[in-house]
Amino acid sequence: MTELRGKRILVVGATGGLGSRIARRLSEAGAVLALSARDVDRLDALDLAAETIPADLHRESAAVVAEAERRLGGLDAVVIASGVVAFGPASELEPETVADLFAVNAASPIELITAALPALSRSAEEGREPVVVTISGIVAEAPTAGLAAYSASKAALAAFMVAAGRENRRVGIRLLDARPGHTETGLVTRAIAGTAPAFPAGHDADHVAGVIVGAIASGARDLPSSAF
């Protein structure tokens, strides 16, 4: 078990449908939070006692991590709940759409995690059980027609988490990837390209956030789609 009370946690994508719910649950459990989001003004609406990473640092992973560590007095966990989606057949994909999907869903999280590893190593040396959490989703397990590039970007992140998790296990850093099925967060209405098909009802976002926070506390090392 991992004690959440007093755990110093950076939540990226903190205003999103899942990020906001995860942040709230962590706060209620006694964690000390630093929050980052593309729209910093929306962080105030969360009404959480948390540090807010300034907007001008948002796109610089090393700066976000350094600011979170400075404000919290250390860093024990990073939760990355940011992401974008695009719909449509592979034959109609625009290069810019593919680039944006991979930049936000894979390259940016990988860069952030890499930047955070030194701080998390220091946390491990203090016996604070550091953890990194990503949300790649079920498409990383089962790539989906009409979501080819999105599936590929999320699968890239999931693959990184598996390999980096093996590299850092002896150091004492746990890397946890969550792969819930379609979740009712409203993300499908904010696609960067294409139009969402008629999805069946998805998971309740509060339920998914609860499973993820529970996994952080329980010491789980993987959250496959079947866990939701």
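Treat the numbers as computed from the prediction; the structure is a model and nothing was measured.

## As for the overall build of the protein chain
Piece 1. Regarding its fold elements, the protein chain presents five helices and six strands.
Piece 2. Overall, the protein chain shows an N-to-C arrangement of helices and strands of β-α-β-β-α-β-α-β-α-β-α.
Piece 3. Computed over its C-alpha atoms, the radius of gyration of the protein chain comes to 17 Å, within 12% of the 17 Å expected for a compact globule of 228 residues.
Piece 4. C-alpha atoms of the protein chain, sized along the principal axes, occupy 50 × 35 × 30 Å.
Piece 5. Counting every position in the protein chain, which comprises 228 residues, the buried fraction comes to 46%.
Piece 6. Of all intrachain contacts in the protein chain linking residues separated by at least 6 positions in sequence, the fraction that spans at least 24 positions is 69%.
Piece 7. For the protein chain, the exposed surface amounts to about 10,400 Å²; the carbon and sulfur share of it is 51%.
Piece 8. When the 21 positive and 27 negative side-chain charges of the protein chain are each reduced to one mean point, those points stand 6 Å apart.

## Concerning the sheet that holds strand S5 (residues 131-135)
Piece 1. Taken in spatial order, the six strands line up as S3-S2-S1-S4-S5-S6 in an open sheet, and their pairing is parallel. Both edges of this open sheet fall to strand S3 (51-52) and strand S6 (174-178), since each of them pairs with a single strand only.
Piece 2. Where S5 meets S6, five bridges bridge the pair, whose relative direction is parallel. Considered in S6, the bridge of valine 133 is made with leucine 176.
Piece 3. With respect to the sheet, helix H5 (residues 205-218) is in contact with strand S4 (77-80), S5 and S6, its orientation differing from that of S6 by roughly 160 degrees.

## A word on empty space enclosed by the protein
Piece 1. For the coordinates displayed, the defined rule picks out one cavity of 30 Å³ or more.
Piece 2. The computed volume of the largest cavity comes to approximately 50 Å³.
Piece 3. For the largest cavity, the full set of lining residues is Ala86, Phe87, Gly88, Pro89, Ala90, Leu93, Leu101, Gly146, Leu147, Ala148, Ala149 and Tyr150.
Piece 4. The element contributing the most residues to the lining of the largest cavity is helix H4 (residues 148-168), with three residues.
Piece 5. In the lining of the largest cavity, the residues fall into ten nonpolar, two polar and no charged.

## Quick notes on the layout of surface pockets
Once rolled over the atoms, a probe with the size of a water molecule shows which space is left empty.
Piece 1. In this structure, the largest pocket encloses a volume near 830 Å³.
Piece 2. If you go around the largest pocket, you meet 36 residues; those closest to its centre are Ala81, Gly83, Tyr150, Thr185 and Leu187.
Piece 3. Of the residues that constitute the lining of the largest pocket, the class distribution is 16 nonpolar, 15 polar and five charged.
Piece 4. If you add up the space inside the second largest pocket, you get close to 360 Å³.
Piece 5. Together, 16 residues line the second largest pocket, and His58, Arg59, Ala103, Val104 and Ser108 are the ones closest to its centre.
Piece 6. Listed by contribution, the elements that provide at least two residues to the lining of the second largest pocket are helix H2 (61-72) and helix H3 (95-125).
Piece 7. Of the residues forming the lining of the second largest pocket, the biggest block, six residues, is contributed by H3.

## Quick look at helix H1 (residues 19-28)
Piece 1. All of the buried residues along H1 are Gly19, Ser20, Ile22, Ala23 and Leu26. On an axial view of H1, the arc spanned by its buried residues comes to 165 degrees, and they lie on one face.
Piece 2. Against strand S1 (8-12), strand S2 (32-36), S4, S5 and H5 lie the buried residues of H1.

## Looking at a positive patch on the surface
Piece 1. Together, Arg38, Arg42, Arg59 and Arg190 make up a positively charged patch on the protein surface.
Piece 2. Residue placement: arginine 59 occurs in the loop between S3 and H2.

Procedures and definitions
Residues numbered from 1 in each chain as written. Predicted model: local features only at pLDDT ≥ 70, side-chain atom pairs only at ≥ 80, totals over all residues. Heavy atoms only, no water. Helix = DSSP H or I, 4+ residues; strand = E, 2+ residues; numbered from the N terminus. Rg over C-alpha atoms; globule rule 2.2 N^0.38 Å. Buried < 20%, exposed > 50% of the residue type's maximum accessible area, 1.4 Å probe, protein only. Contact = heavy atoms within 4.5 Å. Areas by Shrake-Rupley, 256 points an atom, 1.4 Å probe, with all protein chains shown as cover. Lys, Arg positive; Asp, Glu negative; His and termini not counted. Charge placed at Lys NZ, Arg CZ, Asp CG, Glu CD. Pairing = 2+ DSSP bridges. Axes fitted to C-alpha atoms, helices over the stretch in contact; angles between N-to-C directions. 1 Å grid on protein atoms, 1.4 Å probe; cavity = no way out; pocket = protein on both sides within 12 Å on 5 of 7 lines; lining within 4 Å. Points joined across faces, edges and corners; volume = space filled by probe spheres on them. Nonpolar A, V, L, I, M, F, W, Y, C, P; charged D, E, K, R; others polar. Arc of directions from axis to C-beta. Patch = residues over 30% accessible without salt bridge, like charges linked within 9 Å, V, L, I, M, F, W, Y side chains within 5 Å. Salt bridge = Lys/Arg side-chain N within 4 Å of Asp/Glu carboxyl O.

These figures come from the coordinates and say nothing about function on their own.
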